[in-house]
Amino acid sequence: MKLLMTGGSGFLGRRTAAYFHTPEYLVLTPSRGEMDITDAVSVRDWFRKNKPEAVIHTAAISDTGLCQQKPAWSERINVDGCLNLAESCRDFGAKLVLCSSDQVYSGSAVPGPHREDEALTPNNVYGCQKLRAEQRCLDILPETVCLRLSWMYSTEHFPGEHGHFLSTLKAALEDEAKSLTWPIYDRRGLTDTETVVNHLPAALHLPGGVWNFGAENNASTYETVKALLTQLRMTAALARLQPNETAFADNNRDISMDLTKLHAAGITFPATLDGLIRAMKKEETQ
């Protein structure tokens, strides 16, 4: 299968491109100079020349703070770029897998875990952009597979890469002079990127629509860290653990996801705590 991978140098895209470099797939990762997703003509010309059979679209501005600061700029990438790809996928007969986010559930009046069919009104720019991209891509190409990803982490390390939950936790554990502080009003899944990538071949065969695609978690971030340290018997770290009672206190963020639909399709993720325990033990052996 000839597979177009966008965002090939990003956190998810880099790992995904490496995973798909097998005899079964011909992975194409064009640079922006070769294909600018914000330019419909550039995208169409690239498709006409290369004729991919499927697209996994990971490229995005995922920094929520940056999206708040520069909404017009991030809109071009997070929404317009998706639409340009959807139109070319439709016109050239390619399957589109669009990487979305659990941030679409941010601000929901409905408590989690959230289902894919809920009515949504995200309270941040990034969530609004991801939801708009999903809806408009499905209008253009109903076969689009929209994957709502959770906060991801990785045991692989690449130079210059931004931090993630696991790296932040490890840095906090190593600084024994500081307390460990995590929010009690934040509830969301945390998913090993390796597991996400391993499930992407199956995602290519999902029917079009929206799919929650990440680890389940019914605990707050503070409760998750506490359970993790308890399971790993890290008593000294537990003594430093403190609840952050300020973050998200005004809106009590719950963007946890219900995976019932995904499980029915035969795709399962380890629960957040199980995945973190496995990752921490793997880190110890590296």
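Below: a short report on this structure.

Definitions and cut-offs
- Residues numbered from 1 in each chain as written.
- Predicted model: local features only at pLDDT ≥ 70, side-chain atom pairs only at ≥ 80, totals over all residues.
- Heavy atoms only, no water.
- Helix = DSSP H or I, 4+ residues; strand = E, 2+ residues; numbered from the N terminus.
- Buried < 20%, exposed > 50% of the residue type's maximum accessible area, 1.4 Å probe, protein only.
- Pairing = 2+ DSSP bridges.
- Right-handed = clockwise from strand over helix to strand, strands pointing away.
- Arc of directions from axis to C-beta.
- Contact = heavy atoms within 4.5 Å.
- Polar contact = N/O pair within 3.5 Å; in protein donor to acceptor, adjacent residues only side chain to side chain.
- Phe/Tyr/Trp six-rings, centres within 6.5 Å; stacked < 30°, edge-to-face > 60°.
- Lys NZ or Arg CZ within 6 Å of the ring centre and 35° of its normal.
- Salt bridge = Lys/Arg side-chain N within 4 Å of Asp/Glu carboxyl O.
- Axes fitted to C-alpha atoms, helices over the stretch in contact; angles between N-to-C directions.

1. A word on the environment of Thr-168
No. 1: Relative to the assigned elements, Thr-168 resides in helix α6 (residues 165–174).
No. 2: Since its relative accessible area comes to 41%, Thr-168 is described here as partly exposed.
No. 3: Between the C-alpha atom of Thr-168 and that of Tyr-153, which follows or precedes it by 15 residues, the distance is 9.7 Å.

2. Re the pairing of strand β4 (residues 95–101)
No. 1: In terms of burial, β4 is largely enclosed, as six of its seven residues are buried.
No. 2: In this sheet, β4 lies alongside strand β3 (residues 54–57) in parallel orientation, the contact comprising four bridges. Bridging across to β4, Ile-56 finds its partner in Val-97.
No. 3: Here five bridges tie β4 to strand β5 (residues 145–149), and the two strands are oriented parallel to one another. Bridge assignment links Leu-98 to a residue of β5, and that residue is Cys-146.
No. 4: Where the polypeptide runs from β4 across helix α5 (residues 125–140) and back to β5, its parallel neighbour, the crossover connection is right-handed.

3. Here we look at helix α2 (residues 40–50)
No. 1: Within α2, the full set of buried residues consists of Ser-42, Val-43, Trp-46, Phe-47 and Asn-50. Buried residues along α2 cover an arc of 130° about the axis, so they all sit on one side. In α2, the exposed positions angled more than 90 degrees off the buried face are occupied by Val-41 and Lys-49.
No. 2: Contact partners of the buried residues in α2: β1 (2–6), β2 (26–28), β3 and α4 (71–92).
No. 3: Residue Asp-39 occupies the N-cap position of α2, its side-chain oxygen lying 3.0 Å from the main-chain nitrogen of Val-41.

4. Thoughts on unusual backbone geometry
No. 1: Here the residue pair Gly-112 and Pro-113 is connected by a cis peptide bond, since its omega of 0° sits within 30 degrees of zero.
No. 2: Within the secondary structure layout, Pro-113 lies in the loop between β4 and α5.
No. 3: Phi is positive for Asn-252, which is not a glycine, with a value near 45°.
No. 4: Inspection of the secondary structure assignment puts Asn-252 in the loop between β11 (241–244) and β12 (253–254).

5. Regarding the packing of aromatic side chains
No. 1: Per the stated rule, a full pass over the model turns up seven aromatic pairs.
No. 2: Both rings, one in Trp-151 and one in Phe-165, keep their centres 5.4 Å apart while their planes meet at 75°; by these two values the pair is edge-to-face. You can see Trp-151 sitting in strand β6 (residues 151–153) and its partner Phe-165 sitting in helix α6, a full 14 residues away along the chain.
No. 3: A residue is classified by how much of its surface remains accessible, and Trp-151, at 28% relative accessible area, is partly exposed.
No. 4: Members of the aromatic cluster, connected to one another through ring pairs, are Tyr-19, Phe-20 and Tyr-25.
No. 5: A cation over a ring is seen here: Lys-70 above Trp-73, with NZ or CZ 5.7 Å from the ring centre.

6. A look at the pattern of salt bridges
No. 1: With the rule as written, the count across this model stands at 12 salt bridges.
No. 2: Note that Arg-32 is salt-bridged to Asp-36, the shortest N-O span being 3.8 Å.
No. 3: For the salt bridge of Arg-115 with Asp-258, the shortest nitrogen-to-oxygen distance reads 3.8 Å. Placement of the pair is Arg-115 in the loop between β4 and α5 and Asp-258 in the loop between β12 and α10 (260–264), with a sequence separation of 143 residues.
No. 4: Of the residues examined, Arg-115 reaches a relative accessible area of 40% and is grouped as partly exposed.
No. 5: Shared partners join several salt bridges into a network, and the residues in it are Arg-44, Arg-90 and Asp-91.

7. Comments concerning the sheet that holds β5
No. 1: Strand order across the open sheet formed by six strands is β2-β1-β3-β4-β5-β10, with parallel pairing between neighbours. Lying at the two open borders of the sheet, with one neighbouring strand each, are β2 and β10 (209–213). On average, adjacent strands in this sheet sit at an angle of 20° to one another, irrespective of strand direction.
No. 2: Pairing of β5 with β10 involves five bridges; the strand directions are parallel. Counted as the bridge partner of Cys-146 is Val-210 from β10.
No. 3: Running over the sheet, helix α1 (residues 11–19) touches β1, β2, β3, β4 and β5 and is turned about 160° from β1.
No. 4: Against the sheet, α5 contacts β4, β5 and β10, and its axis sits at roughly 160° relative to β4.

8. Structural notes on the side chain of His-164
No. 1: On the secondary structure map, His-164 appears in the loop between β6 and α6.
No. 2: Discounting residues that sit within four places of it in the chain, His-164 has contacts with Phe-11, Met-152, Tyr-153 and Ser-154.

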